[in-house]
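Architecture and fold: a report
Spelled out from the first residue to the last, the chains are:
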Amino acid sequence: MSEKRAFETLLIQGGSRGDEFTGAVNVPVYLSSTFRLPEFGRNKAGFEYARTANPSRKDAETLIAQLEEGVKGFAFSSGMAAVTTVLSLFSKGDRILLPKTVYGGTYRLLNQVFNRFGLRMTIVEYADESALREALTDDVRGLFIETPANPVLAVTDIEKTARIAHEKNVLVIADNTFMTPYLQRPLTLGADIVLHSATKYLAGHSDVIAGVAVVKDAALAEIIGFLQNALGAVLPPFDSYLLVRGIKTLAVRMDRHLANASVVAAFLVNHRAVDRVWYPGLESDPGYALQKKQAKGAGGMISFRLKAGYDYKRFFKALRIVSLAESLGGVESLVCHPATMTHGAYPKNLRDAIGVTDDLIRLSVGIEAAEDITADLDQALTAARVA
Ligand SMILES: *Cc1c(COP(=O)(O)O)cnc(C)c1O
C-alpha cells in the first residue's frame, strides 16, 4: 500500500489485501509446500518452496512490516524462534547486552544455548548511563531492549539507549511484545530490529504460538531473510492466517485492555490486601513519565504483591474468572506466578535482584467487563487472608 493510511485502517486493509485470483477478502490458507514453476529458472509471484515463502505467511509479514514501519517483516513459529533467528546474526566471541529484566526465555536462550556457541552476554541497568557506556566494550555487537519489561514493568528509554549503542555501532533489538505497534514503535525511536511474541497481543486470542521480526534497513532484511530460510523456524500457513485475523482487531482490543488495566490498577492500589502495584500507567510508578513520552499507553500488564497475612496460593485457588496460566495478551484475563513460571529459568539470586520475588503476581488484564474482573480479584484477595 503506497499511500499513507491511519494505523487503524492499516490493521484491516494492510498486508496482501486478500486474494487477487478470486477476490476473496482474506488471503486463503495456502496449504502447499511447493509451487509449480512456469518454466525452468522462473517462478510465479516469488513462490517456490514454502519454507522460503508462502502466500499466507507473506500476508502476515507484509502487514507487520507496515505496522512497525520497517522495510521487511518475518514471521516465525514462535517468539523464541524469532529471537533465535535474530541472535543468529552474531558470531562466536560477540557480546550481547541484556537489560536487567527481560523475558525469562530470552535469558535462558543466551545463558544455556548460545553461550555454548561462544556468544556472550552482560546484564546492564540501562538507566544508569555510565554503567551502560562502560558495558559497551569493543566485543559488544548487539543490545537487547524489552520495555516495559517482564515482569515488574521496568521502562527503558528506547531513543536514548539506542543513541548510545549506535555511537559504538551496536545493533539495537527491541522486544515489543507488551506494547504492540499500536502503542509503541521502536524502529521510529532508533531500534534496528523489533520483534514480538505474536502469541500474545498481536494474535490476541490465546490460540496460536507465533513470532515476528521487522527490520529497519534493506541490507539487514537480506541477512534476516537468509537466516529465516536457513534456520527454517517459519510460521505455518494456518497460524499465519490466525495471526492476521487477530491483528485486524488489535486497536479495539488494546483500547479495551488499556481501559480495563487502568480500572484494575486503581482497584489494586486501594485494596487492603495489596502491598504494592507495578503499572507504568500509574502516576506513582517510576516509569510513568518515560512511558508517556515513548508510548501511546501503558498496556494491559500489571504486577502486584500481597501484604503479609495474605497467601498468593490461596488467592490463585479462589479465582473464578481470571485463570492461573502462563502467557498474556489474550482476550481473557490471566494471572501467573513469575518466580516459578515465566522466570523459572532465572537463578533465585538473580530473580530477587530484579524484583521477581516469590510473592510477585503478574496479571494480564483481559477485555471482559472491568467490574467482573475487579469483583473476581476482590473475592479472591479476601479469600487469600491467612486466619
Ligand atoms: C512470550 C514472550 C516471548 C516468547 O514468545 P513465545 O511465542 O512464547 O515463543 C518473548 N518475549 C516476551 C516479552 C514474551 O512475553
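A brief structural summary. As the structure is a prediction and not an experimental result, all values here were calculated from the model. (Residues numbered from 1 in each chain as written. Predicted model: local features only at pLDDT ≥ 70, side-chain atom pairs only at ≥ 80, totals over all residues. Heavy atoms only, no water.)

1. Thoughts on the overall build of the protein
The number of helices and strands found in the protein is 14 helices and twelve strands. For the protein, the C-alpha radius of gyration of 21 Å lies close to 21 Å, the compact-globule estimate for 387 residues. For the protein, the spread of C-alpha atoms along the three principal axes comes to 80 × 50 × 35 Å. For the protein, long-range pairs separated by at least 24 residues make up 72% of all intrachain contacts whose partners lie at least 6 apart in sequence. Total accessible area on the protein stands at roughly 16800 Å², and carbon and sulfur atoms take up 52% of it. (Helix = DSSP H or I, 4+ residues; strand = E, 2+ residues; numbered from the N terminus. Rg over C-alpha atoms; globule rule 2.2 N^0.38 Å. Contact = heavy atoms within 4.5 Å. Areas by Shrake-Rupley, 256 points an atom, 1.4 Å probe, with all protein chains shown as cover.)

2. Quick word on the packing of aromatic side chains
Inspection of every chain in the model, using the stated rule, returns seven aromatic pairs. An angle of 35° between the planes, with centres 5.5 Å apart, marks the rings of F35 and F47 as tilted. Of this pair, F35 sits in the loop between α1 (7-13) and α2 (55-67) while F47 sits in the loop between α1 and α2, and the two are twelve residues apart along the sequence. Pairwise contacts between aromatic rings join F304, Y312, F315 and F316 into one cluster. (Phe/Tyr/Trp six-rings, centres within 6.5 Å; stacked < 30°, edge-to-face > 60°.)

3. What to know about the sheet that holds strand β9 (residues 301-306)
An order of β8-β9-β12-β11-β10 is seen for the five strands of this open sheet, with the pairing classed as mixed. Two strands close off the open sheet at either side, each with one partner strand: β8 (274-278) and β10 (323-324). In the sheet, strand β11 (residues 334-336) pairs with strand β12 (residues 360-364) via three bridges, with the strands oriented antiparallel. Its bridge partner being in β12, L334 is matched across the sheet by S364. (Pairing = 2+ DSSP bridges.)

4. Some words on the pattern of salt bridges
Overall, the coordinates contain 16 salt bridges when judged by the stated rule. Taking the shortest distance from any N to any O, the salt bridge between R120 and D139 comes out at 3.9 Å. Separated by 19 residues along the polypeptide, R120 in strand β3 (residues 120-124) and D139 in the loop between α5 (129-135) and β4 (140-146) bring together distant segments of the chain. Residue classification places D139 among the partly exposed positions, given a relative accessible area of 21%. The partner of D138 in a salt bridge is K168, and the shortest N-O contact between them spans 3.6 Å. Of the two residues, D138 sits in the loop between α5 and β4 while K168 sits in the loop between α6 (158-166) and β5 (171-175), which places them 30 residues apart along the sequence. Within this structure, E129, R133, K160 and E167 form a network of salt bridges that share partners. (Salt bridge = Lys/Arg side-chain N within 4 Å of Asp/Glu carboxyl O. Buried < 20%, exposed > 50% of the residue type's maximum accessible area, 1.4 Å probe, protein only.)

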